[in-house]
Amino acid sequence: MRKINLVCFPFAGGNIYSYDEFSKFLPDYINLITIEYPGRGSRIGEDLINDMEVLIEDLFVQFKALAVEGPYVIYGHSMGAVVSYLMVRKILENQLEPPLALFLTGAGSIVNGWQAPIRYNMSREDFIRSLAHLGGLPDEILGNSDFMEFYVPIFRADIEALEKCRYKATAPFSIPMYVVTGKEENVSPQQALLWKNETTADFEYTQLPGQHFFIFSQMQTLLAYIKRKIDGLCEVAGFNQI
């Protein structure tokens, strides 16, 4: 049975543990790998990065160091979706083995730049309120001053990198893209469908119930979708998983 690696990039404020719950709904042949951003978790001693280009350079080094063996797909949510897209560009630019597919959730295309209000330079109180509005953080965490003292700079650096990220037009790649957003989040179908312009291969857009962090409330459904797509890709590629 050949393993398929699911290489994941976290959302803003996330770390290598952000997607750990996913493993409950994945078969044994899908190997979950999450790449750590600097300034947190196992990389707590490193400086935070608030520039997307610098971050991609850093993460590309981390990706190469993993020396992922065998076929893989890439997944990212929200900021992680943008990072995932840019990482695919970086992988192709460096002529490394490309992923079988790219899965993006909770993010519209960056072709038109950041479309929502700028948050990274808000006052601490307004910034925390903006995090609460997104969901994903329970009230007991948001109300914990010690926790937020530690995490606000992490969130702020990540969100600054995301909000200042600028699209650079390149030729579309030939990697399948599957985009999923929440029906109640602030990503319109029109924004999500613009990702279609980035690939000449298969593209599919779907919505699931929920707000921005629907990936947790709809986890089983989302991962069943990802598994189904991976199985189809492996069948086409001649990989025998089962």
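Each chain has its residues counted from 1, following the order in which its sequence is written. Two thresholds apply to this predicted model, a pLDDT of at least 70 for residue-level local features and 80 or more for giving and counting side-chain atom pairs, whereas whole-chain, interface and lining totals are computed over all residues. To obtain the side-chain values, all non-hydrogen atoms of the structure were included, while hydrogens and water were left out.

Before going further, it helps to examine the sheet that holds strand β2 (residues 30–34). Sheet strands pair by backbone hydrogen bonding; their relative direction is either parallel or antiparallel. Pairing between two strands is assigned when DSSP locates at least 2 bridges connecting them. Working definition: helices are DSSP H or I runs of at least four residues, strands are E runs of at least two. Numbering for both runs from the N terminus. Strand order across the open sheet formed by 6 strands is β2-β1-β3-β4-β5-β6, with parallel pairing between neighbours. Sheet topology places β2 and β6 (203–208) at the edges, where each strand pairs with a single neighbour. Sheet twist, expressed as the mean angle between neighbouring strand axes with direction ignored, is 20°. As defined by bridge partners, strand β5 (residues 177–182) adjoins β6 across 6 bridges and the pair is classed as parallel. Bridge pairing links Met 177 to Phe 203 in β6. Here, axes are lines fitted to C-alpha atoms. For helices the fit covers the stretch in contact, and angles between N-to-C directions go from 0 to 180 degrees.

For this analysis, a ring pair means two rings from Phe, Tyr or Trp (six-membered ring only for Trp) whose centres lie within 6.5 Å, classed as stacked if their planes differ by under 30 degrees, edge-to-face if by over 60, and tilted for the remaining angles. A complete count under the given rule lists 14 aromatic pairs for this structure. Look at Phe 147 and Tyr 151: their rings are 4.4 Å apart centre to centre, the planes differ by 25°, and that puts the pair in the stacked class. Here Phe 147 pairs with Tyr 151, and both are found in helix α5 (residues 145–163), just 4 residues apart, close to one helical turn. Ring centres of Phe 150 and Tyr 151 lie 4.9 Å apart, and the angle between their planes is 85°; this geometry places the pair in the edge-to-face category. Each residue's exposure class comes from its accessible area (1.4 Å probe, protein chains only) as a fraction of the maximum for that residue type: buried when under 20%, exposed when over 50%, partly exposed otherwise. Phe 150 gets classed as partly exposed once you look at its relative accessible area, which sits at 41%.

The next subject is the side chain of Lys 229. Of note, Lys 229 is situated in helix α8 (residues 219–237). A residue is classified by how much of its surface remains accessible, and Lys 229, at 18% relative accessible area, is buried. Apart from residues no more than four positions distant in its own chain, Lys 229 is found in contact with Phe 103, Tyr 178 and Glu 204. Contacts are assigned to residue pairs with any non-hydrogen atoms lying within 4.5 Å of each other.

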